[in-house]
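# Structural description and commentary
Spelled out, the chains give:
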Amino acid sequence: MPKISKKGQQMPESPIRKLVPYAEGAKKRGVKVYHLNIGQPDIKTPEVAINAVKNVDIKVLEYSHSAGFESYRKKLAESYQKINLPINTEDIIITTGGSEALLFAMGSTMDTDDEIIIPEPFYANYNGFSTASGVKVVPVISTIESGFALPPIADFEKLITSKTKAILICNPGNPTGYLYSKEEIFQLAELVKKHDLFLIADEVYREFTYDGHSHFSVMNVPGLEQHAIMIDSVSKRYSMCGARIGCIVSKNKEVMSTAMKFAQARLSPPTFAQIASEAALDTPQSYFDEVISEYKERRDILVNELQKIEGVQVAIPKGAFYCIAKLPVKNADDFAQWLLENYNFNGETVMVAPAAGFYSSPNVGLDEVRIAYVLKKEDLIKSVQILKEALSVYQK
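Predicted model only: the values in this text are computed from it and were never measured.

The rules behind each value
Residues numbered from 1 in each chain as written. Predicted model: local features only at pLDDT ≥ 70, side-chain atom pairs only at ≥ 80, totals over all residues. Heavy atoms only, no water. Helix = DSSP H or I, 4+ residues; strand = E, 2+ residues; numbered from the N terminus. Contact = heavy atoms within 4.5 Å. Polar contact = N/O pair within 3.5 Å; in protein donor to acceptor, adjacent residues only side chain to side chain. Axes fitted to C-alpha atoms, helices over the stretch in contact; angles between N-to-C directions. Parallel < 35°, antiparallel > 145°, perpendicular 65-115°, else oblique. Left-handed = near helix turned anticlockwise from the far one by under 90°. Salt bridge = Lys/Arg side-chain N within 4 Å of Asp/Glu carboxyl O. Buried < 20%, exposed > 50% of the residue type's maximum accessible area, 1.4 Å probe, protein only. Patch = residues over 30% accessible without salt bridge, like charges linked within 9 Å, V, L, I, M, F, W, Y side chains within 5 Å. Areas by Shrake-Rupley, 256 points an atom, 1.4 Å probe, with all protein chains shown as cover. Expected span 1.5 Å × (residues − 1). Pairing = 2+ DSSP bridges. Right-handed = clockwise from strand over helix to strand, strands pointing away.

## A short note on the side chain of Ser-217
Among the structural elements, Ser-217 can be located in the loop between strand S6 (198-202) and strand S7 (228-233). Those residues in contact with Ser-217 that lie beyond four places of it in its chain are Leu-85, Glu-203 and Met-230.

Spelled out as structure tokens, the structure:
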């Protein structure tokens, strides 16, 4: 029998989706499952985006330009400029989700066995993108005790080798909800300039910041133009995860011309989704004001309720819509499976994402889970109540 590739064997399973069969089994048994495991917002997609697709008059569904519609890129650049990001049309390539943008970034800047330093815990698919690109992830650990703040720059510096090509951050962070400060971004900027590295910033949660904090982009650092690569997406901003539209952005012309070759190889991003995404740029500010207010309320409810559970430690997120909670269990993977396979509270249970899958260091985060506060407030309260009851049973 022909053999599967080593790369295929090494490709990590999603910690977010691997429990899906157990959730499906629970539902078949009549158990209601509250999904705290995945960042799929329940917020309605802006009507302008939906209507743009409904009302489009297309006779032939053609390829778009490999870089995406010029009209979309131009309008997107203008939207960035409105928030003081110095980005022009030629600095943007539209991609099939932020995922493809990350693959283009890695493919354009790294060779097989090169290294990329990532503060962990990090978005689990960074492991998958790195494996697919033949790149080695070198983790630098941040801790729940520090609220998952940027690790000391000395911790990064001692990991840099001749193979190191880039540092990758997610800001605000998935799965931690941590928001890097302007000072922390400048520290990273100085480091990558000193060692001639790329700084790749996944900024797809840019709008989602709380408590008076604001997002600071790598694109705003003077002198970083040749080092900075920004990843963006419509998925969370407009609650358009299914559109699969993102972009890679950089002032570095060599990076962009190289990324363009990858873009040409996959022909073009999807047409209908670009139409929706371009229209979404007309979403009024009131939409975001309401969404951010809603998420802040959900965050406060979730954190307050979790803090009432004995033995639970939670880092308060400053952005995005995730948090990491440390539970009084030895193995969160087993606990998460048990919740779906063997437990219900009045016919209901919860699905969480074991956090070990968000680390690449072995045996780290075994007692942690990621929780997405994308459910309405009443469901969050109910979910944490179920979690509290489940922990008391599980510990016995």
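Having seen the structure, we can now continue with the description.
## With respect to the side chain of Thr-95
Mapped onto the secondary structure, Thr-95 falls in strand S2 (residues 92-95). Looking at Thr-95, its side chain comes within polar contact range of the main-chain nitrogen of Cys-247, at 3.2 Å.

## Let's talk about the packing of helix H5 (residues 97-109) against helix H9 (residues 253-265)
Here H5 crosses H9 at 120°, and the two axes come no closer than 9 Å. Relative to H9, the element H5 is oriented oblique. Classified by chirality, the crossing of H9 by H5 is right-handed. Contact residues: H5 offers Phe-104, Gly-107, Ser-108 and Thr-109, while H9 offers Val-255, Thr-258, Ala-259, Phe-262 and Ala-263.

## Side note on the pattern of salt bridges
For the structure on display, the rule yields 25 salt bridges. Notably, a salt bridge pairs Glu-78 with Lys-74, separated by 3.0 Å at the nearest N-O pair. Note that Glu-78 and Lys-74 are positioned in helix H4 (residues 70-82) at a spacing of four residues, about one turn of the helix. Across the pair Lys-165 and Asp-114 runs a salt bridge, and its minimum N-O distance is 2.8 Å. With a gap of 51 residues between them, Lys-165 in strand S5 (residues 164-170) and Asp-114 in the loop between H5 and strand S3 (115-120) connect regions that are remote in the sequence. Under the relative-accessibility criterion, Asp-114 is labelled buried at 5%. In this structure, a network of salt bridges that share partners links the residues Asp-42, Glu-294, Glu-297, Arg-298 and Lys-377.

## A look at a nonpolar patch on the surface
A cluster of nonpolar side chains, Val-53, Ile-58, Leu-61 and Phe-272, forms an exposed patch at the surface whose accessible area comes to about 310 Å². Counting through the fold element by element, Phe-272 comes out in helix H10 (residues 271-280).

## Here's the deal with helix H8 (residues 182-195)
The α-helix winds at 3.6 residues per turn, so residues separated by three or four positions along the chain end up facing the same way. For H8, which comprises 14 residues, the first-to-last C-alpha distance of 20 Å matches the rise-based estimate of 20 Å (1.5 Å per residue) to within 8%. Tucked inside the fold, the buried residues of H8 contact helix H7 (153-157), S5 and S6.

## Here's the deal with the pairing of strand S4 (residues 136-141)
Bridge count for S3 against S4 is six bridges, and the pairing is parallel. Of the residues in S4, the one forming a bridge with Glu-120 is Ile-141. In this region the chain leaves S3, passes through helix H6 (residues 125-133) and returns to the parallel neighbour S4; the handedness of that crossover is right-handed.

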